[in-house]
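# Structure at a glance
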Amino acid sequence: MSESTPRPSSLIHTVYGEFVRRLGGWISIADLIALMAELDVDGPAVRSATSRLKKAGTLLQERRTGTGYRLAPAMEPVFEEGDRRIFHSLEPAELSDGWVVAVFSVPESERAHRHQLRSRLSWLGFGNAAPGVWLAPARLLPDARRLLERLGLSAYVHLFLSAEYAGFADLRTAVASWWDLPAIEAQYAAFADAWRPVAEELRRQPWTDPAEAFRSYVPMLTQWRRLPYLDPGLPAELLPADWNAVPARAVFTEVHGLLAEPSLRHVEKVTGLSHSQEPS
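Described in the following lines is the structure provided in the data block.

Reading the values: rules and limits
- Residues numbered from 1 in each chain as written.
- Predicted model: local features only at pLDDT ≥ 70, side-chain atom pairs only at ≥ 80, totals over all residues.
- Heavy atoms only, no water.
- Phe/Tyr/Trp six-rings, centres within 6.5 Å; stacked < 30°, edge-to-face > 60°.
- Lys NZ or Arg CZ within 6 Å of the ring centre and 35° of its normal.
- Buried < 20%, exposed > 50% of the residue type's maximum accessible area, 1.4 Å probe, protein only.
- Helix = DSSP H or I, 4+ residues; strand = E, 2+ residues; numbered from the N terminus.
- Pairing = 2+ DSSP bridges.
- Salt bridge = Lys/Arg side-chain N within 4 Å of Asp/Glu carboxyl O.
- Expected span 1.5 Å × (residues − 1).
- Contact = heavy atoms within 4.5 Å.
- Polar contact = N/O pair within 3.5 Å; in protein donor to acceptor, adjacent residues only side chain to side chain.
- 1 Å grid on protein atoms, 1.4 Å probe; cavity = no way out; pocket = protein on both sides within 12 Å on 5 of 7 lines; lining within 4 Å.
- Points joined across faces, edges and corners; volume = space filled by probe spheres on them.
- Nonpolar A, V, L, I, M, F, W, Y, C, P; charged D, E, K, R; others polar.
- Axes fitted to C-alpha atoms, helices over the stretch in contact; angles between N-to-C directions.
- Parallel < 35°, antiparallel > 145°, perpendicular 65-115°, else oblique.
- Left-handed = near helix turned anticlockwise from the far one by under 90°.

## Some words on the packing of aromatic side chains
Counted by the stated rule, this structure contains 10 aromatic pairs. Grouping aromatic residues by their ring pairs yields a cluster made of Phe87, Tyr188, Phe191, Trp224, Trp243 and Phe252. Directly above the aromatic system of Trp123 lies the positively charged group of Arg120, at a separation of 4.3 Å from the ring centroid.

Below you can see the structure in the form of C-alpha cells.
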C-alpha cells in the first residue's frame, strides 16, 4: 500500500463519520463489505480493520437483522469535533486573539504518556516551541481541553492563555521553527493536485451515478480530514505569502458540495437504511 492510498480503517472511519452516523449509527458487516469493495478493499481487510476498531473502542459489535457494528457512544463527541474542523475549516486566526500555551512534564517512568502528548498536540495543530512547551492560536483551547480530558492526560498538562508574543526573535521567524509549514503546504498541494481535476470535470459535466460519486468522495474526504488538524489556522501575517491552504480548501468545498449527497443516496441504496432513522 502506497503512502497516498488510505488504509482500510481510515476509509471505514470516513464511512461511519459521514454516512452511518446519519443512518442510525449501525451497519451490517455484509453491507460494509459491499461498500468497501467499491473502494477496492476486500472482505478480509474489512473484517481485520473492524476488529481493530472494535478493540480500540471505536465500534461495538451488535446483531440486528444480521451481525454488524455501531459507533461506540463515546465516539460521538469525537466525530462532532471532527465535523467542526473538517467542514468548517478555520479561517486564519487574528494575531490579537493571542495564544494557548500547553506546558507538560511527564515522569520518565511514564514516558509513553509523553510520546502520546507530543503526538496528540501535534495532531491537534499545536507547534513545539521548546521541550515540553507547545502553543497554538487561542481558539484551539476548547479542543485541547476536550482532547486531553478524553485521553486522561489532563493531569500532566498546564494550559495558559497569552495575549501577545513579547519575545526577542521575529515572531514570523519563530513560528516557522515551531511548525513544519513546508510539510503542511506539501499535504495541501498533494490534495489539490489529486482532486482539482475532479472538480474541473464535475464543473464541465456533473456526475449522475451515485455509485461513481461514492467511489471518489470517500477517498477525497479521507485525504482531506487530516489537514484541518495539522493546520492550526495561524494568523495570515505569520504565514508564507503563497500559503496554499486557501485554494486547497476551495477544491474540497467544491467537490464536497457536488458529491456528498449523491454518495449518501448510494449508501442508502446499498444498505436499505434511511437518514430519517434515529440512532438506537
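Still more ground to cover, so stick around.
## Brief notes about the pairing of strand 6 (residues 133-137)
Taking burial as the measure, the 5 residues of strand 6 include 4 buried ones, the bulk of the element. Two strands pair when backbone bridges link them, and strand 4 (residues 99-104) and strand 6 are joined in this way by 5 bridges, in the antiparallel orientation. Of the residues in strand 6, the one forming a bridge with Val101 is Leu135. As judged from the 3 bridges shared by strand 5 (residues 127-130) and strand 6, these two strands associate in the antiparallel manner. The residue bridging Ala130 from the neighbouring strand is Val133, located in strand 6.

## Things to note about the pattern of salt bridges
By the definition in use, this model includes 16 salt bridges. Notably, a salt bridge pairs Arg150 with Glu81, separated by 3.9 Å at the nearest N-O pair. Of this pair, Arg150 sits in helix 6 (residues 141-150) while Glu81 sits in helix 4 (residues 76-87), and the two are 69 residues apart along the sequence. For Arg150, a relative accessible area of 34% puts it in the partly exposed group. For Glu81, a relative accessible area of 2% gives the class buried.

## Overview of the pairing of strand 3 (residues 67-71)
Here strand 1 (residues 26-28) runs beside strand 3; their pairing, made up of 3 bridges, is antiparallel. Looking at the pairing, Ile27 lines up with Tyr69 of strand 3. Hairpin connection, strand 2 (residues 59-63) to strand 3: the antiparallel pair is bridged by 3 residues.

## Structural notes on helix 9 (residues 210-224)
Here helix 9 spans 20 Å end to end across 15 residues, near enough to the 21 Å set by a 1.5 Å rise per residue. Among the residues making up helix 9, those that are buried are Ala211, Ala213, Phe214, Ser216, Tyr217, Val218, Pro219, Met220, Leu221, Thr222 and Trp224. Buried residues along helix 9 sit in contact with helix 1 (8-18), helix 2 (29-37), helix 4, helix 8 (181-204), helix 10 (227-230) and helix 11 (245-271). Regarding helix 9, its N-cap is Asp209, as a side-chain oxygen of that residue lies 3.0 Å from the backbone nitrogen of Ala211 further along.

## Re the environment of Ser274
Summarising the element assignment, Ser274 is placed in the segment after helix 11. According to the relative accessible area criterion, Ser274 is partly exposed, its value standing at 26%. Spatially, the C-alpha atom of Ser274 lies 29 Å from that of Pro228, the residues being 46 residues apart in sequence. If sequence neighbours within four positions are ignored, Ser274 has contacts with Arg22, Leu23 and Glu268.

## A word on empty space enclosed by the protein
Applying the stated criterion across every chain, the model contains 2 cavities of 30 Å³ or more. Counted as a void, the second largest cavity has a volume near 30 Å³. Every residue lining the second largest cavity is listed: Ile12, His13, Tyr16, Leu53, Thr58, Leu59, Leu71 and Phe79. It is helix 1 that contributes the most residues to the lining of the second largest cavity, 3 residues altogether. Its residues assigned to classes, the lining of the second largest cavity comprises 6 nonpolar, 2 polar and no charged.

## Focus: the environment of Trp243
Summarising the element assignment, Trp243 is placed in the loop between helix 10 and helix 11. For Trp243, a relative accessible area of 13% corresponds to the buried category. It is 9.4 Å that separates the C-alpha atoms of Trp243 and Tyr188, two residues lying 55 residues apart in sequence. Once residues within four sequence positions are removed from consideration, Trp243 is found in contact with Leu181, Ile184, Glu185, Tyr188 and Asp231.

## A few points about the packing of helix 8 against helix 9
Where helix 8 contacts helix 9, the axes come no closer than 10 Å and their chain directions differ by 165 degrees. With respect to each other, helix 8 and helix 9 are oriented roughly antiparallel. Crossing geometry of helix 8 relative to helix 9 is assigned as left-handed. Contacts from Tyr188, Ala190, Phe191, Ala194 and Trp195 in helix 8 reach Ser216, Pro219, Met220, Gln223 and Trp224 in helix 9. When the residues that make up the contact of helix 8 with helix 9 are grouped by side-chain class, the tally is 8 nonpolar, 2 polar and no charged.

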